[in-house]
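# Working through the structure, step by step
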Amino acid sequence: MPSSGGTIPTRPFSNFKLKTSLWFVNHRIALKKSLVMTLAGVSVFLYGYSIIRVLDLARSQGIQRSIINDILQDRIDFMALRPLMLSKPLSVSSVEIMSSVGGTSDLAVFVRNPNSNFTVTSLRYRFLQAGRELASGTGFILPDESKYLFSFAVPDVSGTVQVELSDMVWRRIKVANFQSLRDSHPPVSIQNVKHLSGIDLGPVNKTLGGRTQFTVVNTSVFGYRQVGLYILMKNGDRIAAVQYTAVKDLDPLQRRNVVVNWPSGNPLTTEVAVISEINLYDSNAFYKYQTDGSIPR
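Residues numbered from 1 in each chain as written. Predicted model: local features only at pLDDT ≥ 70, side-chain atom pairs only at ≥ 80, totals over all residues. Heavy atoms only, no water.

### Some details on a nonpolar patch on the surface
Where nonpolar side chains cluster on the molecular surface, the patch consists of Val-42, Phe-45, Leu-46 and Tyr-49 and spans about 420 Å² of accessible area. Examined against the element boundaries, Leu-46 turns out to sit in helix H2 (residues 28–72). (Patch = residues over 30% accessible without salt bridge, like charges linked within 9 Å, V, L, I, M, F, W, Y side chains within 5 Å. Areas by Shrake-Rupley, 256 points an atom, 1.4 Å probe, with all protein chains shown as cover. Salt bridge = Lys/Arg side-chain N within 4 Å of Asp/Glu carboxyl O. Helix = DSSP H or I, 4+ residues; strand = E, 2+ residues; numbered from the N terminus.)

### Focus: the sheet that holds strand S7 (residues 162–172)
Spatially, the three strands line up as an open sheet ordered S5-S4-S7, and their pairing is antiparallel. Each edge of the sheet is formed by a strand with only one pairing partner; in this case those strands are strand S5 (132–141) and S7. Taken pair by pair, the neighbouring strands of this sheet meet at an average axis angle of 15°, ignoring direction. Across nine bridges, the pairing between strand S4 (residues 118–129) and S7 is antiparallel. Looking at the pairing, Phe-127 lines up with Val-163 of S7. (Pairing = 2+ DSSP bridges. Axes fitted to C-alpha atoms, helices over the stretch in contact; angles between N-to-C directions.)

### Here's the deal with the packing of aromatic side chains
Aromatic ring pairs are reported here in terms of the distance separating the ring centres and the angle at which the planes meet. Under the criterion given, the structure shown has 10 aromatic pairs. Centre to centre, the rings of Phe-150 and Phe-152 are 5.7 Å apart; their planes meet at 15°, and the pair counts as stacked. An aromatic cluster is built from Phe-110, Tyr-148, Phe-150, Phe-152, Tyr-230 and Tyr-244, whose rings are joined through pairwise contacts. (Phe/Tyr/Trp six-rings, centres within 6.5 Å; stacked < 30°, edge-to-face > 60°.)

### Looking at the sheet that holds strand S9 (residues 208–217)
One open sheet holds the three strands; their spatial order is S8-S9-S12, and the pairing between them is antiparallel. Whereas interior strands pair on both sides, the edge strands pair on one side only; in this sheet they are strand S8 (189–197) and strand S12 (255–263). Averaged over all pairs of adjacent strands, the angle between their axes in this sheet comes to 15°, without regard to strand direction. Pairing of S9 with S12 involves nine bridges; the strand directions are antiparallel. By the bridge assignment, Gln-213 is partnered in S12 with Val-259.

Everything listed here is a matter of coordinates, which is why it stays silent on function.
This is the structure in structure tokens:
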């Protein structure tokens, strides 16, 4: 036990605690002010941040409402675009009437497709007179194509004849695709067209009014199952007479000679034209040619 006259030993950290406590006592007012100022600064920062966020939210809501209004507004003029999306109607001429054999008549109408991105895969046409159907037929019209539609040897034709187009099947196509299709399937070449009148044929052929000869050449790499051929005898801009024939199974580079005889009594002719017809959108109209080693005829 320690003696009554000795000193009491101190702990190692008692002086540090006393000094720390004394420092806090002496600086409590400054510490209080610093704490108040810190809290005030934090409060001002939080209030300022809150106000900035509120303003940002208000501004963003205005932008969002503007975006929503823009989305809801119909800025596309569909009425102006509608004509661009639809096909233009076919252009149809008046009906031409040509005298034929046996007191009958051949009827022709000139039709033009003004659309480069639409093809008429099929249509039906009717020749009418006073509401009575004289003749009818079917056909097709490629993009940007102009062609005649015919009916042959129609009886009882007198007066004005109208034409009616119906059951038209339109197909939208890409211009580039059609150009590629047409480049790979070029029309047949009509060569060496020669027309002889009845006088040129001589007195031996008294029953014939004339004869037209020409050569059909397939310049495509595809074979054509059937090539329709219209032979037109023209007097100026009008058709005086017309005949139709067809060449079947025409292989690539093949040549076919065609002879068409005309009956007697044909009208005056200034030109003879031969027009070929192949439906490029009919897959049955052509075939891939496979050679057996022989030279095409």
